[in-house]
Amino acid sequence: MQIYDLIQKTRRRQKLTAEEIRFLVNGFTAGEIPDFCMSAWLMAVCCHGLTTEETVDLTIAIRDSGTCLDLSELGQITVDKHSTGGIGDKTTLLIAPITAACGGYVPKMSGRGLGFTGGTIDKLESIPGFRVNMSVPDFIRQVKEIGCAVIAQSGNLTPADKKIYALRNLTATVDSIPLICSSIMSKKLALGADCILLDVKYGSGAFMKTAADAAVLAKSMVNVGNMADKKCRAMITDMNAPLGHTVGNALEIAEVIHILRGEEKNNLTELALSLSAHMLELSKKGSLQECRRMAEQALTSGKALEVLSHMIEAQGGDASVTEHPEKLPQTRTQKYLKAERSGYLSAIDSEQAGLACLELGAGRTANHISIDMGAGLTFLHDIGDPIQAGDPIAVIHGNSETLCELAEKRLLSAIQISEQPVAKTNLIYSII
Ligand code: URA
């Protein structure tokens, strides 16, 4: 088999066999296929796409490049959730304890942030002492005892994805539906949960800019999951404005705690309850309606907060942050962003909010960069709220006046205030 012929076939839209795809993935992972050949093939995929069958074969080849977990010893249906990423997206930290508090099992491996999107693992590391690395047997034990564990990807899971993703990042081949689908689904399949709920985001702060593109990606992922014998469902959700009221690592953990303590309720609360209900229904805990009620009860009774506290403790973190979120890292400086005119808050561009956080040090532009755990933004209003000129709209958390002023400039262009009242947006667009 010649790599040249495989590149040519994809370029000419001729279908590759499962064996040819395995040859590509295994050869590249082993270092036998050089970067320039793989880049050419990835670019051909970007330009011409892959068939459903090829996408499944690529996903399976990436899954099988490393170890796959066996979660059968948990003896109960397990459910995983994946979000395609966004700004202020802290849903995992709500849905894992809510679902676990209702008897679900949520084994979760999450990622770090890169560029303007945040990562759950970075957020968790803002809790003093929290360990994101754990052996697989300890991971499984924790899920059995507490109902959930959220750790960084560990062991030798999907090494091919790590290599291919790094190359895609350098070669402008990230935003391809079959490549995104195979990258995400290979990791989900290697983790081994029985059911997978996908939160596929669209909007300015997401990979997919429109709901229609998000639906194509969602259908592709659900298809691949079903063909690999997993129960899969996708929710298409809006990421035009940041999710919840905060963006930034410790700030987002504090927001999760406030929601679980019943002290805050926003669009994120509704999304988390809806996702949790679907996860419980996929886990056969009842009808969707019953599961929704269970999720609400777990939240209002404080049971989900208790689970989060147990999870933090089990992973070496200071669980007292659930009582005292002020113990989380904070910045030296905070600056109010004030409304320049009166009207109704009509938009907060999530990509610009993410970039402002990046400038504040809350995110990283390369893997080796360390992040400022306390930095970020707190939004004080929801879309649709009436605003008076001079009202504070957001708090900018930075470690210097200069950084805060830079973020302020960017944010002012990201926030729109309209003269006409604006309708509150529904985050959930559709379910596939
Ligand atoms: N997240 C992934 O894990 N892979 C992609 O290709 C895109 C987002």
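Residues numbered from 1 in each chain as written. Predicted model: local features only at pLDDT ≥ 70, side-chain atom pairs only at ≥ 80, totals over all residues. Heavy atoms only, no water.

A. Here's a closer look at the packing of helix H11 (residues 249–260) against helix H14 (residues 303–314). Packing of H11 against H14 leaves a shortest axis separation of 8 Å and a crossing angle of 140°. For the pair H11 and H14, the contacting residues are Val256, Ile257 and Leu260 in the first and Ala304, Leu305 and Leu308 in the second. Broken down by class, the residue content of the contact of H11 with H14 amounts to 6 nonpolar, no polar and no charged. (Axes fitted to C-alpha atoms, helices over the stretch in contact; angles between N-to-C directions. Helix = DSSP H or I, 4+ residues; strand = E, 2+ residues; numbered from the N terminus. Contact = heavy atoms within 4.5 Å. Nonpolar A, V, L, I, M, F, W, Y, C, P; charged D, E, K, R; others polar.)

B. The arrangement of the pairing of strand S1 (residues 79–83) in detail. With respect to burial, S1 is a largely interior element, 5 of its 5 residues being buried. Residues Val79, Lys81 and Ser83 of S1 are buried on one face, and the alternating residues Asp80 and His82, pointing to the opposite face, are buried as well. In the sheet, S1 pairs with strand S4 (residues 195–202) via 5 bridges, with the strands oriented parallel. Across the sheet, Asp80 pairs through a bridge with Ile196, a residue of S4. (Buried < 20%, exposed > 50% of the residue type's maximum accessible area, 1.4 Å probe, protein only. Pairing = 2+ DSSP bridges.)

C. A look at the site of the ligand. The immediate surroundings of the ligand are formed by Tyr165, Arg168, Ile180, Ser183, Ile184, Lys187 and Phe207. A distance of 2.9 Å separates an oxygen atom of the ligand from a polar side-chain atom of Arg168. In the environment of the ligand, a nitrogen atom lies 2.6 Å from a nitrogen or oxygen atom belonging to the side chain of Ser183. Burial of the ligand by the protein chains amounts to 89% of its free accessible area of 240 Å². Only helix H8 (159–170) and helix H9 (177–191) provide two or more residues apiece to the shell around the ligand. Among the elements that make up the shell around the ligand, the one with the highest residue count is H9 (4 residues). Grouping the amino acids of the shell around the ligand by side-chain chemistry returns 4 nonpolar, 1 polar and 2 charged. (Near = heavy atom within 4 Å. Polar contact = N/O pair within 3.5 Å; in protein donor to acceptor, adjacent residues only side chain to side chain. Areas by Shrake-Rupley, 256 points an atom, 1.4 Å probe, with all protein chains shown as cover.)

D. Broad picture of the sheet that holds strand S8 (residues 343–348). Strand order in this open sheet of 3 strands is S10-S8-S12, and the pairing throughout is antiparallel. Pairing within the sheet leaves two strands with one partner each, and these edge strands are strand S10 (386–387) and strand S12 (415–418). Running at roughly 40° to S12, helix H16 (residues 401–414) makes contact with S8 and S12 of the sheet.

E. Structural view of the pairing of strand S11 (residues 392–398). Across the 7 residues that make up S11, a large majority, 6, are buried. Of the strand pairs in this sheet, strand S7 (residues 333–338) and S11 are connected by 6 bridges, and their pairing is antiparallel. Within the sheet, the bridge partner assigned to Gln334 lies in S11 and is His397. Note that strand S9 (residues 376–379) and S11 share 4 bridges and pair antiparallel. Within S11, the position partnered with Phe379 by the bridge is Ala394.

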